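Residue-level structure breakdown
These are the residues of each chain, in order.
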Amino acid sequence: MTDKTLIRWIDGEAPAEISGGTTWGMPFARGTVADSGGISVRDGDGEIVASQAWPLATWPDGSLKWAGIALPATDAPSQAYAVTADGGASPREGSVPPSGATRVTVTETAEALTVDTGTLQMVIDRGGSHLFTSLTRGGIEVARNARLVSLLQDNVTEGAGTASREAFTGEVTAVVLEQDGPVRAVVRLEGHHRPDAAGSGKQSWLPFVVRFYFYANARSVRMVHSFIWDGDAEQDFLAGLGVRFSVPLEAELHDRHVRIAGADGGFLLEGVRGLTGLRRDPGGEVRRAQLDGRATPPLAEWNPEVSERLHLIPAWNDYTLTQLSADGFELRKRTATGHAWVGISGGTRSAGFCSLTDARGGFGVGVKNFWQSHPGQLDIRNAATAEASLTAWLYSPEAQPMDLRFYHDGLGQDTFEEQLEGLEITYEDYEPGFGNATGIARTHELTLFAYESTPATESLAADAAAASAPALLQATPGYLHSVGVFGDWDPVDRSTPARAELEDHLDFLFDFYAGQVEQRRWYGFWNYGDVMHTYDHDRHVWRYDVGGYAWDNSELSPDLWLWYSYLRSGRADIFRFAEAMTRHTGEVDVYHLGPWRGLGSRHNVQHWGCSAKQLRISTPAYRRFYYYLTADERTGDLLTELVDSDQNFLGLDPVRKVRPDADTYRPNRNALGVGLGTDWGSLAATWLTDWERTGNPRSRDRLLGTMADIGALKYGFLTGEALYDLDMGRFDTGRELIQVSHLSAVFGLVEICSELVDLVPDPDFERAWLQYCRLFLATKEEQVEAVGQPLAGVYLTQAHSRLTAYAAARLDDPDLAARAWESFAEGGEHLNHESAFTLRTIEPPHVLLPVDEAPTVSTNDTSQFGLAVIQNLALIGKHLR
């Protein structure tokens, strides 16, 4: 195995066990592999292991570019793997496991699907109120009648008055088998929440998609739940959202075991009827058996002073863990409804896992990013009865109800002129009715465990950790770079002092933002995964309450910074930061239904608050990394949503408030104004990704056609905006105009263009792109000489130095290279080809000590444009060595 073929565990060491299988994305060099049929996987000893492969994307020549690869569950994973392909010379159906290997099988009837991993079996009805009706292991049913539940509150009480809550249950309306083995099976369920009681005012809300992932040999099932908020924010307040499972029980109460994870691997270990701490000792073996989760000895072997008084020992019927903030959870229990809760303990950050088991088996559930996505809650109810319930609340019913109303009254900004005035003072692009959350989404990941007995605490702790941070295989940065995916980047390189200094600065900036997430507690149901936009040096806080300076919402492409940083380094911490941002920005910052479907919201105090609904936020340029690296179907859904996003220009002009030709511009299907920067860059990413994934000729033709049209424009990218024929998918090439924007190249345009230049050669397009890169930071005299006038709107010099660097490298021009270094140094200390930024390490301050916080921020360029500088470092470092 060489470094270039090595498939490694992202966290370094192989996990002790993979209870539910694993999937990752694997790229191949252009023209080397015909299809996924010839792919096989070998372990560290060179032995072929069971695997399944399927295509994710193809190169323009039709050869395989990306494949999803799945391995089964195993209790002995290899330290590393290698993927080989025979070029498709011997295509196979799926990727048949070696002879004798366990397969996951799916049996379909008109009423249900039954999935069998060889270890567990799940029955999924084709409709109704249950996600699944039965989960068994070893012939024992460990859970049944899983269902989604929600609580709708009709108002948020302020002062006098009361609020009522109504219970809803998810109703499944469609079930689709997306994959059927032999190693991996995927079942997708769709539906809406409907009221439990007749006569409800609201008949349906919260559309959802749930996927169950099954692997050969698996004793656990991965569940991915996504929902879209479609309520009326003025009167609908979500007061609880969860997944509830029924757990059948037969054992004696003292042989029923409750396990709830606390922080740092700690667990609550209790029997429903406790046998420890009593005034009379039942016997050492009895106590040890209960603590270990084993069946206790027969009553005849107990101390009769206890066995004859069992009925006098309270049985604890209900347990609850609440995690209402990122910093604290509480545990409590009670004997029955109508009796007081008894506090158990508390702590900081629960792992989000609980189980209910006995000697026959049982059920457990773990929630990924549980405390990070607070408020969450875990409930066990009726543990002393024949059928208990276990509820994983994704939004705790004990938290304040979710209030998605806009945060101010509009401040009298009723006209575009008044709104532009508001932009001048708070940087908020307000417009009445646009601060609407209807259509945003949220995704949660859970792991469901089927137990054949009560596991040892160490095993449960491993399951809780695996649910929180699932094991993931990934190709090395060297291999990813060698096959030429994601355009123009290099692996981390510290071979010279200047390069090492650039790498140090990149590390410093990532560590800074990761530290800010923790220090500022950028966590919560709608917030986790995002960062703030700009710092307030006077108050020593980020501008969380100042218009467009608050949540970043992908402004200046931190998503790209993180993903390219991961590609270059292979670091697990960067991957998980980027993963959280992808989940957030792709779900919360983008509309998934309604008039703005496919558009994202610009930065704001609330993620949905800004009236600028634009493709530059929803662009697949930010999401495709995660899709290709993990083969995640939910991200695939988000990419598919955007395929026809060019249609959005008919309904909402992104520059409607500042359009210079507003008096004459009338959008129609044959003359839509489309910017050649953020707009076309987003469309190009959309069309490229769809063409690669599906071969869609519409996307291919619009991508290649508009590339040719940009090349045919007299001023190319400098034209700024071209008229787009929506039916033909082409630009009017007769437009002669020069207008540039400082934002055009900081939302993915650079990355997409550099990738397209190498992917689909078009000399005129490349000439237009190099002209833009060469002239944007050129002198006024050079601009006049080239196009007859100087360029207006040139800002973000540091960020655009990479355009100059790209042109310097492509044209082998040392003068451009020197200019790129000079531009890059602007705004920092001294930086040139001999010396990079001088770094100062500052200890992170404590929370809420503003006197100490100011120097940390002021020395690290976390200003409005700081993220653009960060994004810039890696690219300029590649081209200017």
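Residues numbered from 1 in each chain as written. Predicted model: local features only at pLDDT ≥ 70, side-chain atom pairs only at ≥ 80, totals over all residues. Heavy atoms only, no water.

On to the nonpolar core, then. Core analysis: the biggest nonpolar cluster contains 217 residues, and Leu131, Phe212, Phe214, Trp680 and Phe717 have the highest contact counts within it. Looking at this core element by element, the count peaks at eight residues for strand β15 (residues 205-215). With residues up to four places along the chain from it excluded, the contact list for Phe717 reads Leu676, Trp680, Ile710, Leu749, Cys753, Phe765, Ala768, Trp769 and Tyr772. Core analysis: the next-biggest nonpolar cluster, separate from the first, contains eight residues, Ala261, Phe353, Phe449 and Ala467 among them. (Core = buried A, V, L, I, M, F, W, Y, C linked by side-chain atoms within 4.5 Å. Buried < 20%, exposed > 50% of the residue type's maximum accessible area, 1.4 Å probe, protein only. Helix = DSSP H or I, 4+ residues; strand = E, 2+ residues; numbered from the N terminus. Contact = heavy atoms within 4.5 Å.)

Once their charged atoms are close, side chains differing in charge can pair, the charge on each being opposite to the other. Scanning all chains against the criterion turns up 67 salt bridges. Where Glu171 meets Arg194, a salt bridge forms, and the shortest distance between an N and an O atom there is 2.9 Å. In this pair, Glu171 is assigned in strand β13 (residues 165-180) and Arg194 in strand β14 (residues 184-195), connecting sequence segments 23 residues apart. For Arg194, a relative accessible area of 30% gives the class partly exposed. Across the salt bridge formed by Glu518 and Arg349, the nearest N and O atoms sit 3.1 Å from each other. Placement of the pair is Glu518 in helix α6 (residues 497-520) and Arg349 in the loop between β22 (342-347) and β23 (353-358), with a sequence separation of 169 residues. (Salt bridge = Lys/Arg side-chain N within 4 Å of Asp/Glu carboxyl O.)

Next up on the list: the pairing of strand β10 (residues 120-125). For strand β9 (residues 112-116) and β10, the ladder comprises five bridges, and the chain directions are antiparallel. By the bridge assignment, Val115 is partnered in β10 with Met122. Here β9 folds back onto β10 in antiparallel fashion, the turn holding three residues, of which Gly118 has a positive phi close to 95°. Sheet topology places β10 next to strand β11 (residues 132-137); four bridges connect them, and they run antiparallel. When the bridges of β11 are listed, Met122 appears paired with Leu135. Between β10 and β11, which pair antiparallel and follow one another directly, the connecting turn spans six residues, one of which, Gly128, has a positive phi of 115°. (Pairing = 2+ DSSP bridges.)

Here helix α19 (residues 814-825) is twelve residues long and its end C-alpha atoms lie 17 Å apart, about the 16 Å a rise of 1.5 Å per residue gives. Listed in full, the buried residues belonging to α19 are Leu816, Ala817, Arg819, Ala820, Trp821, Ser823, Phe824 and Ala825. The N-cap of α19, judged by a side-chain oxygen 2.9 Å from the amide nitrogen of Asp815 a few residues on, is Asp813. (Expected span 1.5 Å × (residues − 1). Polar contact = N/O pair within 3.5 Å; in protein donor to acceptor, adjacent residues only side chain to side chain.)

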